[in-house]
Every structure is written in structure tokens, then in C-alpha cells.
Amino acid sequence: MTVRVAVAGASGYAGGEVLRLLLGHPDVEIGALTAGGNAGARLGQLQPHLLPLSDRVLAETSAETLGGHDVVFLALPHGHSAEVAARLGPDTLVIDCGADHRLTDAKDWERWYGSSHAGHWPYGLPELPNGREKLKGTKRVAVPGCYPTVSSLALAPAVEHGLIADEVVVVAVSGTSGAGKSLKTNLLGSEVMGSLSVYGVGGTHRHTPEIIQNLSAIAGRRVNVSFTPVLAPLPRGILATCSAPIVKPGNVREIYERAYADEPFVHLLPEDQWPTTAAVLGSNAVQLQVTVDEDLQRLVVVAAIDNLTKGTAGAAVQSMNIALGLPETAGLSSVGVAP
Ligand SMILES: NC(=O)C1=CN([C@@H]2O[C@H](COP(=O)(O)OP(=O)(O)OC[C@H]3O[C@@H](n4cnc5c(N)ncnc54)[C@H](OP(=O)(O)O)[C@@H]3O)[C@@H](O)[C@H]2O)C=CC1
Ligand SMILES: CC(=O)N[C@@H](CCC(=O)OP(=O)(O)O)C(=O)O
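Residues numbered from 1 in each chain as written. Chains lettered and ligands numbered in written order. Predicted model: local features only at pLDDT ≥ 70, side-chain atom pairs only at ≥ 80, totals over all residues.

Domain annotation of the protein chain identifies domain 1 (3-143 + 310-324) and domain 2 (147-307). Using C-alpha coordinates to define each centre, domain 1 is positioned 24 Å away from domain 2. In terms of residue count, helix α11 (residues 309-324) provides more of the side of domain 1 that touches domain 2 than any other element does, 6 residues in total. Across the side of domain 1 that touches domain 2, the residue classes tally to 8 nonpolar, 6 polar and 4 charged. (Domains from an automatic or database assignment. Helix = DSSP H or I, 4+ residues; strand = E, 2+ residues; numbered from the N terminus. Nonpolar A, V, L, I, M, F, W, Y, C, P; charged D, E, K, R; others polar.)

Set out below in C-alpha cells:
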């Protein structure tokens, strides 16, 4: 089966990564590519690594251009997806890389994003409990945020088994591509190089409610999250350290081994090895390591992903595969680029 796919936001980082993965997908034909202000430009000027598509000219983002495809990936800024998706019709599989349809609670959406809620779609994190079932056959997918992906996968087995308290701490270091391609002073090379900086400190980052939503759904009760993001001088990658007090004894390693034994993309590393962002660069892999701080009786999980791959575009393609009944790993490299 060949599916015809359009990508909105093809000039951006997430759209570019979707296209990089789709170029290696055996069942995909790439159709319309759209942008905002860069409409009319050749893709090769903006995404020079996507050589087979370099002569494609970016169209304006409209339902007319995106219509007539089996699948539409939306890699647009927050708040732009709902209107386009509503005009694409129920038979098109729409995969939104933005936040518009991630949160289930309208009040949460209004508080954190300051606009009216466009509704909740099936969440593109198949490794969560019952995650795959929600994606099979769906025509709408909300791709998770990159920090919620890595921290939810790091903590899900512990939460599911009631091992930890209902208050977790996540400190996650991210590369700059997580902030998108548009110009921002704090992302200039001279600001970022040679420096680490925190932002969204003190429970103010908009991924906090998304992480709470994921962990609380697994626990069946509210799980609170203290989340601190850190910007690092890397183009890609997230390394998250997640911890919580242990409240129930259990063989932590065995629980994590069992949880992810059959997952094609989530890898619990051997006991003496720790995740690195370099090891997952460009791949849909998640590397995990878990340990217990015996003095504090605290669970510590470290996890690495590529924010643009498993953190966005890889999850989007993985979700497409599940929704359409294609092999889940199609088009998704499971190994990173090293060194
Ligand atoms: N970067 C990441 O690691 C992650 C990103 N995401 C989500 O993916 C989405 C895209 O992010 P990212 O690629 O990083 O952002 P970029 O800024 O790199 O890209 C944004 C894209 O949207 C287009 N665009 C901007 N404004 C409009 C508009 N008014 N109408 C139509 N198109 C428009 C841009 O086109 P033009 O070039 O013409 O301006 C560009 O193609 C966001 O919702 C983001 O939250 C999710 C998880 C992780
Ligand atoms: C480094 C950096 O700035 N990262 C982004 C998160 C990227 C992501 O996952 O975002 P969306 O929720 O926007 O889809 C941020 O903190 O806003």
C-alpha cells in the first residue's frame, strides 16, 4: 500500500524531520509541502539536507493545498492546527505535531496556552499503557511534546506499579532545535555556545500539565510534577533526570525490564551504562537507565531522546504507522548517528 502524504510547516525543524523520515519510508509518496512566510521558496534553500526534494516549491498552507492526501502532518506553531484540521475532512489522517489537541482538560489548555480549547485527540505515545489501542485506526493524532515524551516514558513503569510517591521531579536538558527555527535572541550562537541556562522554572513551563496528565492517567490519581527545563549548546537531544521517593518496595530493574521488553524503540541499558544524547541522535530510540539512591530511598531514572525524532517527527511517523496498520517501525531508524 502507498499512502500519499502532505506536510504543513515543511520549512521548519519538525516538518523537515518528518520529511527526512518519510524519505526512508517504503509505503509513502510525498505530496504537497507548505509553509508560512517562506511559501514560494524552493525547499532546497531551507532544508538543504533533503536532497531528493530540493526542487519542490513550498505552497501556502491551506486546506485546499493539503486536501486530497491520505495523511497530513501539521508541523505548525501552536494554535494553527485546529482550523486547518477541521477543513480536511474525517477520512484524512491528520497528525498534529503541535500542542493544540494534547490536553484533555479545557481549563488546563486555557490556563497554559491562553486560547479556547480545540478538543483532545488520541495521544501519539504508543508505549504508554493502552497507548497503541487508542491509535489503531484513528484519523486524528496529537503528537506529544518532547519533554512529556521523555519524562513520561522514564516514569511510567514506576507509576504504574505504585513504586513512587505522587510527586516527581524532572530536570531535562534540551538542545536548541526544540525551540524551533524562527529567530530568537536567546538562541543566537553567541548566547548559547559555552553556556547552560534554565528557563520555565518553578512550575511555569507549559509541558508541566502534559506530564501531569500522562502520569496521573497511569496512576489513576493526581501525580504532581516539578519540571525544570535547561537549554544546552546542542542542536538536538534531550537528557532527562527524573526522580521520586520510593513508597513501595519492588525490584525496580525487573519492573522496567518487563515494561519495555517488547518495545522496538525503548531500550533499558545494561546496568553499567548511562544514556547519552549522542547515542540517539537522528533515531527514534529512547535510552533509559534506572537506579535507586539507597540513602534517600529515591528512584532515579535517566532517559535520552532526540527531541526532533522520538520527541516529534519519529513519534508522528510511528503513530501514522499504527493508525494505518503499517509495520510500526517502517521508516524509523532505530540506531543513532555516531560519533
Ligand atoms: N522542535 C521540536 O523539537 C518540537 C516541535 N514540536 C512542535 O512542532 C511544531 C513546529 O515546530 P518547529 O518545527 O520546531 O517550529 P519552526 O519554527 O522550526 O517551524 C514552524 C513552521 O511553521 C510554519 N509557519 C509559521 N507560521 C505559520 C503560519 N501562520 N501559517 C502557516 N505556516 C506557518 C513555518 O513556515 P515559515 O518557514 O514559512 O515561517 C515553519 O514551516 C510546533 O507546534 C512545535 O511545538 C513538537 C515537539 C518538539
Ligand atoms: C528547547 C526548547 O525551547 N524546547 C521547547 C519544547 C519543544 C516541544 O516539545 O514543544 P511543543 O510543546 O512546543 O510542541 C520549549 O521549551 O518550549
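Mapped onto the present numbering, the UniProt feature "domain: Semialdehyde dehydrogenase NAD-binding" (unreviewed entry) falls on residues 4-136. Its end C-alpha atoms 19 Å apart, residues 4-136 is made of 28% helix and 17% strand. (UniProt positions renumbered as here; feature names shortened; annotations may be inferred.)

This part takes up unusual backbone geometry. With an omega of -5°, the peptide bond running from A338 to P339 counts as cis. You can see P339 is positioned in the segment after α11. Look at N130: it is not a glycine, yet its phi comes out positive at around 60°. Considering the arrangement of structural elements, one finds N130 in the loop between α5 (106-113) and α6 (131-135).

Residues given the UniProt feature "active site" (unreviewed entry) here are C146. Residue placement: C146 occurs in helix α7 (residues 146-160). Residue class for C146 comes out buried when judged on the 28 C-beta atoms lying within 10 Å of it. If near-sequence neighbours (up to four positions away) are discounted, C146 is found in contact with G178, I238, N307, G311 and T312. (Buried ≥ 20, exposed ≤ 12 C-beta atoms within 10 Å, placed from the backbone. Contact = placed C-beta atoms within 7 Å.)

It is worth spelling out the sheet that holds strand β11 (residues 266-268) at this point. What the 7 strands build is an open sheet, ordered β8-β9-β7-β10-β13-β12-β11; its pairing is mixed. This sheet does not close on itself; its edge strands, each paired only once, are β8 (197-198) and β11. Alignment of strand β10 (residues 238-245) against strand β13 (residues 298-305), held across 8 bridges, turns out to be antiparallel. From the neighbouring strand, P245 faces β13, where its bridge partner is R298. Packed onto the sheet, helix α10 (residues 252-260) meets β11, β12 (286-293) and β13 and runs at close to 160° relative to β12. (Pairing = 2+ DSSP bridges. Axes fitted to C-alpha atoms, helices over the stretch in contact; angles between N-to-C directions.)

So, on to the site of ligand 1. The local shell around ligand 1 holds 31 residues, among which G12, G36, G98, G180 and K181 are the closest. Those elements giving two or more residues to the shell around ligand 1 turn out to be α1 (13-22) and α11. It is α1 that provides the largest number of residues to the shell around ligand 1, a total of 3 residues. The residue makeup of the shell around ligand 1, split by class, is 11 nonpolar, 19 polar and 1 charged. Taken together, domain 1 (3-143 + 310-324) and domain 2 (147-307) each give at least three residues to the shell around ligand 1, which thus spans both. (Near = placed C-beta within 6 Å.)

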